[in-house]
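Given next are the chains, with one letter for each unit.
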Amino acid sequence: MSGLQRFLDTFFNAEVAARAWPDILRGLGITVGVGVAVTIAGLGLGLALAILRATQRGWLSGLIVVFVDVMRALPPLVVIIIFFFAFPLIGISMSAFTSTWLALSLVLAAYVEECLWGGILSLPRGQSEAARSTGLSWWQCMTAVILPQAFRVALPSLTNRVIAVGKNVALGSVVALSDVLNNAQSATSNAGNPTPLTMAAAAYLVIFIPVMMGARRLENRMQWRA
Amino acid sequence: MPPPPILELVSLRKSYGALDVLRGIDLRVFPGELVCVVGPSGSGKSSMLRCCNRLEQSTGGQVMIDGVDITRPDVDINAVRQQIGMVFQQFNLYPHLTVLGNVTLALRKVQGKGSVEADTLGLAALERVGLADKARAYPAQLSGGQQQRVAIARAVVLQPKLMLFDEPTSALDPETVGEVLKVMKQLRDAGMTMLVVTHEMGFARAAADRVIFMDAGAIVEQGPPAEVFGAPKHERTRAFLARFTGEG
């Protein structure tokens, strides 16, 4: 057997691939499902926190900053483990799916809040003054003038975070979440051949390349002439 | 008997901690009047102007708009602000909206007008400042003078009773100052009541009905431009104006 053949036989083994295929596909579904749910919840909660912080109530801002800093400092893996293994001890049990989703959503929300808050702070004060001077309420000013601009400023770092946290879905394997990477590792052990890992890698490309392309299109579209 | 004033400031005070920015301002602006406020920087001109629509909270005294004290907490300030247009030194156009979007935002959001009606009113306002052809452009594609004229249209479209101008030409290139002042003169000729903080002594002299000279948070002197510029009564006014001789 030549080197190339050995390489192909090890990483691109058709027989192993045929057997692992259903597991990989199921895992792909889980990864995409958790990823989408995390993205929606994380963006929503992060946006809500940024808006709450913009109301400039001292104690509320303080709480939000503490939450954001704690969530950014903790390894997401630890947060998942706490939800799955520690919370049942105080009577709150959740599935592997739920604990992974909840943990990653909170982590993403913390980053989203920081990105959007930075975007809000980057805007000149005259923007809200102009809007308020024409009679817009605080909320109307926020939704029509401030947030669209803050979102544009934050967009590149937001997409980076969504992708980074999305890849962290694989951390769910510590609580036996059957995501694509976890299933691929099991299949690799069973077959004694890493072809399933190659398939998982391909799956990641299939998931994330379109996300990145979509993000880039969005960034281009949101670029007003400057 | 003169008509009641549109704007009346009654011993208006503003302080930041121990720093008194306004030390009791009394001022009346009557319908159709153009009043220019001049004075050295830090004299409280802009603070006074910003108290007139509560962008700045006064710490004492009253701001009466059409006889209503708007410093009272139960006043619906968003309703009041639609009657008071404001134009800023830095234009403050919304960069993410087109020119027309800038002008029609409050019509749509605050007054709940449909987009067809809002666009019609918006285009009419842009026509008044000579920029109807730029309706679909974005602010960053316009010159400073054009941006400021859009900002004027954004305020005018709400048909305010009073317009506040906070150094509207100070951030402009000299060659575009004229076009903005021309639009302001047209507004005045159309009967708009205007309170203008400015360093354009030439404009104040030519267009104002009354000139207010402020220094150190107080009105030092006021009167018709010929009087204030031609024969200032106070030493501080003379000293300030001396720096502008040769201009205007």
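**Q** So what exactly am I meant to see when it comes to the interface of chain B and chain A here?
**A** Where interface size is given, it is often the accessible area lost as the parts come together that is meant. Contacts between the two partners involve 23 residues from chain B, matched on the other side by 20 residues from chain A. For chain B, the biggest contributors to the area lost against chain A are Tyr94, Pro95 and His96 of chain B; these three give 26% of the whole. On inspection of chain B and its partner chain A, the count reaches 1 salt bridge. Across the pair glutamate 129 of chain A and arginine 50 of chain B runs a salt bridge whose closest N-O atoms are separated by 2.7 Å. Our count for the contact surface shared by chain B and chain A stands at 7 residue pairs in polar contact (both at pLDDT 80 or more). Put simply, the parts of the chain that give the side of chain B that touches chain A at least two residues each are α2 (77–81), β6 (84–87) and α3 (99–109) of chain B. Residue contributions to the side of chain B that touches chain A peak at 3 residues, all from α3 of chain B.

**Q** Just checking my understanding: could you explain helix α9 (residues 235–242) of chain B for this structure?
**A** At 3.6 residues per turn, the α-helix brings residues three or four places apart onto the same side. Residues and elements named next belong to chain B. All of the buried residues in α9 are Thr237, Phe240 and Leu241. Relative to the axis of α9, the buried residues are bounded by an arc of 95° and lie together on one face. Packed against the buried residues of α9 are β3 (34–38), α7 (201–207), β9 (210–215), β10 (218–223) and α8 (225–230).

**Q** What's the story with the sheet that holds β10 of chain B in this structure? I'm lost.
**A** Backbone-to-backbone hydrogen bonds join strands into a sheet, with any given pair of strands oriented parallel or antiparallel. Residue and element names in this part refer to chain B. The strand order across the open sheet formed by 6 strands is β6-β7-β8-β3-β9-β10, and the pairing between neighbours is mixed. At either margin of the open sheet sits one strand with a lone partner, and together these are β6 and β10. Mean inter-strand twist for the sheet, computed between neighbouring axes without regard to direction, equals 20°. Taken together, the 5 bridges between strand β7 (residues 162–166) and strand β8 (residues 193–197) define a ladder with parallel strand orientation. Note that in β8 the partner of phenylalanine 165 across the bridge is valine 196. The strands touched by helix α5 (residues 144–156) are β6 and β7; relative to β6, the strand with the most contacts, the crossing angle is about 170°.

**Q** Explain the sheet that holds strand β2 (residues 19–29) of chain B here, please?
**A** Residues and elements named next belong to chain B. The 4 strands are arranged β2-β1-β4-β5 in an open sheet whose pairing can be described as antiparallel. Here the strands that pair on one side only, and so sit at the sheet edges, are β2 and β5 (68–69). As judged from the 8 bridges shared by strand β1 (residues 7–16) and β2, these two strands associate in the antiparallel manner. Across the sheet, the residue bridging to leucine 12 is isoleucine 25, located in β2.

Each value, and the rule that gives it
Residues numbered from 1 in each chain as written. Chains lettered and ligands numbered in written order. Predicted model: local features only at pLDDT ≥ 70, side-chain atom pairs only at ≥ 80, totals over all residues. Heavy atoms only, no water. Contact = heavy atoms within 4.5 Å. Buried area = accessible area lost by both parts, 1.4 Å probe. Salt bridge = Lys/Arg side-chain N within 4 Å of Asp/Glu carboxyl O. Polar contact = N/O pair within 3.5 Å; in protein donor to acceptor, adjacent residues only side chain to side chain. Helix = DSSP H or I, 4+ residues; strand = E, 2+ residues; numbered from the N terminus. Buried < 20%, exposed > 50% of the residue type's maximum accessible area, 1.4 Å probe, protein only. Arc of directions from axis to C-beta. Pairing = 2+ DSSP bridges. Axes fitted to C-alpha atoms, helices over the stretch in contact; angles between N-to-C directions.

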